[in-house]
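Architecture and fold: a report
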Amino acid sequence: MKNPIKTIGWILIALLGASVVGGIAIYRGESINALWFIVAAMCIHAIAYRFYSAWIASEVLTVDYTRATPAERLENGRDFIPTNRWIVFGHHFAAIAGPGPLVGPTLAAQFGYLPGTLWILFGGVLGGCVQDMVTLFLSTRRDARSLGQMARDELGPLGGSAALIGTFSIMIILIAVLGLVVVNAMKHSPWATATVAATIPIAMLVGVYMRQIRPGEVLEASVIGVGLLLLAVVGGGWIDADAVWRAAFDHDGLTLAWCIMAYGFAAAILPVWLLLAPRDYLSTFVKLGTISLLAIAIIVLRPEIKMPAITQFIDGTGPIFGGKLFPFVFITIACGAISGFHALIASGTTPKFLTNEADIRMIGYGGMLLESFVALMAMIAATVLDPGVYFAINSPAGVVGKEAIDAVAKISAWGFPVTVETMNMLAKEMGEASLFARTGGAPSLAVGMASIFGSAFGNSLLALWYHFAIMFEAIFILTTLDAGTRVGRFMLQDMLGNIWPKLGETSWGPSVALTSALVVGGWGYFLYIGVIDPNGGVNILWPLFGIANQMLAAIALSVATGILVKSGKLKYAGVTGFPLLWLVIVTTTAAWQKIFSADIKLGFLAAAEDLSQKLQLGVLAPEKISAAPQLIFNLKLDAAITIFLVLLLWLIVFDMLRVCQRYLSGKPVLPLTEVPRIPSQFVEQWVRD
């Protein structure tokens, strides 16, 4: 025992974590203190990072800090750029931390606080962090190849082509949902819209400052950027108070959707240093600062969790989305525990910035741990609200009724009392016209955060805190949207490059413009679907988002498991193999239910048939008639996409198993595509100096 004091300390942390988690799981009193959640997360995350991630880095992956990375070997000033580790961490965290860790836990709170909390705590350290770290390592060793291209190179043309098509298709769906959440948060909210819009020129200013005006002065640029972001929140309030400016930023969902599409296209084609990297870097300050402030407020206030541990909606009758506790809590909370989208970032943009392999553990595993902590904060913020208020904000009008009096009557009948007066007063305090049926999770999360901040730092500023939280959520999501669009462009270029090599050149202007437009057009269509949906789009797109996202994680873990086996590391294959097995079970079950369930709240085909019959009988409300044919088509399209993705997933898994069986039996397989080791000049210079 080299250091008995450290050993005793870690044992005490383990015991504390175990006792707190046990208390959360077993306690069934009237309420439980939110501080328990914070302590549980800190203990579990500390142990996982200190021991499990270190073991994976040294034993399973054998990270080599003296080896040159693609950013060093392939530097081109546009996509491959060796970058400071903290800026890379900021970019990576900002890119992966989209709506999942914020919206997923908020929506899953309809089951109660316990199921989602346990999945966030353990799914993250055993699944999500492992996937992110391993994928980042494998891509770094393969010239920053995309996930789909790595699958093609390592598994072969059949499984690889399926992975390329599957990952690209899933990416389109994921980005569409990101845009939908932002639209629902900013719709007819001039304060939120003005604040979020201001973050774009601020990021570009910081990018120019760090590259052209004061190169290398990261601290100066950071202070300027963060200061301007905070000013943007206050300025949004000034705009909201001015009748002329308010009208200029008061837009409906469809107008905002077009604006977001235009932004996504610009982010995909502009040099990474001008918008993507500085925006991600700045947003990380806001994200980390806000989450830290929220954690401090929770520690100081120790608010009581008001949502029950488990609600009656675990039977699948929930108003926010259909489906029983299993498998849908694991589908709804994606990014907070494990997210396939992260594998696209870890194999799309981050490896192109990475200066040293030694940073893979911090960026891959550590970045996901931080996102898991964000998800837990979102769960707390959602569950400290009165359950009646929570359901009034998140339940769509199509479920509880368009009129406020009907909504509160139905929600109160569920056993969660709420009044119209309470909701009107809350909306006034938050600076909004109404908070009824603000589906998507973002508004209720902002209300929860504002309530906590207001209790800790002053209720007189509730409206400011609310719109600060909306800005916080929106930049969380938009940084994922812009990085996702760029990664989608890389993926499409990889695929088209197999047909015409010139299109595979990531720096060739015509290819950049063409593939960016195709990617934006793809996710833009699904965003349009969500915007025109009378129920807010969440009920249609979020389950599809969750299933697709977890399927993508399964694809990433399939590729990782296959490479580990081919690398002669069969004894370590369970590190990725066990999370893969769980995801295959969960996603297949969820997909089967979404396709074939007779419950119109759950099954795509059942919902399409019900809507079609109502249209033929003429019993639909007038405002729903014009959108009904499009919604029927979209539901059937969702079912077809789900079937397609399930078939692709199983094809990839079986192809991976085929490759592993051939390797283990001594039969020929495709060689490993890891590039030869080249010593890093950065490390050699550091040693000489």
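Above this text is the structure in question.
Being a predicted model, the structure only gives us computed values, none of them experimental.

1. Concerning the overall build of the chain
Regarding its fold elements, the chain presents 29 helices and 2 strands. Radius of gyration (C-alpha) of the chain: 24 Å, near the 26 Å computed for a compact globule of 689 residues. For the chain, the spread of C-alpha atoms along the principal axes amounts to about 70 × 55 × 55 Å. The contacts of the chain with a sequence gap of at least 6 include a subset with a gap of at least 24, amounting to 83%. When the accessible area of the chain is evaluated, it comes to approximately 24900 Å², of which 68% is carbon and sulfur surface.

2. Observations concerning the nonpolar core
L147, M377, I380, L435 and W523 are the most contacted members of the largest nonpolar core, which totals 227 residues. Those residues within four positions of W523 in sequence are excluded, and the remaining contacts are I172, I175, A176, I260, M261, G264, L481 and T485.

3. Things to note about unusual backbone geometry
A cis amide bond, omega 10°, links F326 with the succeeding residue P327. Locating P327 in the fold gives a position in helix α14 (residues 325–332).

4. Brief notes about the pattern of salt bridges
Under the definition given, this model contains 14 salt bridges. Close ionic contact of E674 with R67 constitutes a salt bridge, the shortest N to O distance being 3.5 Å. Of the two residues, E674 sits in the loop between α28 (628–664) and α29 (681–688) while R67 sits in the loop between α2 (35–60) and α3 (70–73), which places them 607 residues apart along the sequence. Residue classification places E674 among the partly exposed residues on the basis of a relative accessible area of 33%. Here R67 falls in the buried class, since its relative accessible area comes to 7%. Among the salt bridges present, the one from R141 reaches E674, with a minimum N-O distance of 3.1 Å.

5. So, a nonpolar patch on the surface
A grouping of I8, I11, L12 and L15 is seen on the molecular surface, where their side chains present a nonpolar patch of about 400 Å² in accessible area. With respect to the element layout, I11 can be found in helix α1 (residues 4–26).

6. Notes on the packing of helix α7 (residues 147–155) against helix α8 (residues 157–186)
Axis separation between α7 and α8 bottoms out at 7 Å; the angle between their running directions is 170°. As summarised for this structure, α7 and α8 are arranged roughly antiparallel, according to the angle between their axes. Residue-level contacts link L147, G148, Q149, A151 and R152 of α7 to P157, G160, S161, A163, L164 and T167 of α8.

7. Observations regarding α14
Across the 8 residues of α14, 6 count as buried, placing the element largely inside the fold. Three or more residues of α14 are buried, namely P327, F328, V329, F330, I331 and T332.

8. Some words on α7
Spacing of three or four residues puts side chains on the same side of an α-helix, whose turn is 3.6 residues. Extensive coverage of α7 is indicated by the burial of 7 of its 9 residues. Considered for burial, the residues of α7 that qualify are L147, G148, Q149, M150, A151, E154 and L155. Following α7 by one or two positions, G156 adopts a phi angle in the positive range, close to 120°.

About the criteria used
Residues numbered from 1 in each chain as written. Predicted model: local features only at pLDDT ≥ 70, side-chain atom pairs only at ≥ 80, totals over all residues. Heavy atoms only, no water. Helix = DSSP H or I, 4+ residues; strand = E, 2+ residues; numbered from the N terminus. Rg over C-alpha atoms; globule rule 2.2 N^0.38 Å. Contact = heavy atoms within 4.5 Å. Areas by Shrake-Rupley, 256 points an atom, 1.4 Å probe, with all protein chains shown as cover. Core = buried A, V, L, I, M, F, W, Y, C linked by side-chain atoms within 4.5 Å. Buried < 20%, exposed > 50% of the residue type's maximum accessible area, 1.4 Å probe, protein only. Salt bridge = Lys/Arg side-chain N within 4 Å of Asp/Glu carboxyl O. Patch = residues over 30% accessible without salt bridge, like charges linked within 9 Å, V, L, I, M, F, W, Y side chains within 5 Å. Axes fitted to C-alpha atoms, helices over the stretch in contact; angles between N-to-C directions. Parallel < 35°, antiparallel > 145°, perpendicular 65-115°, else oblique.

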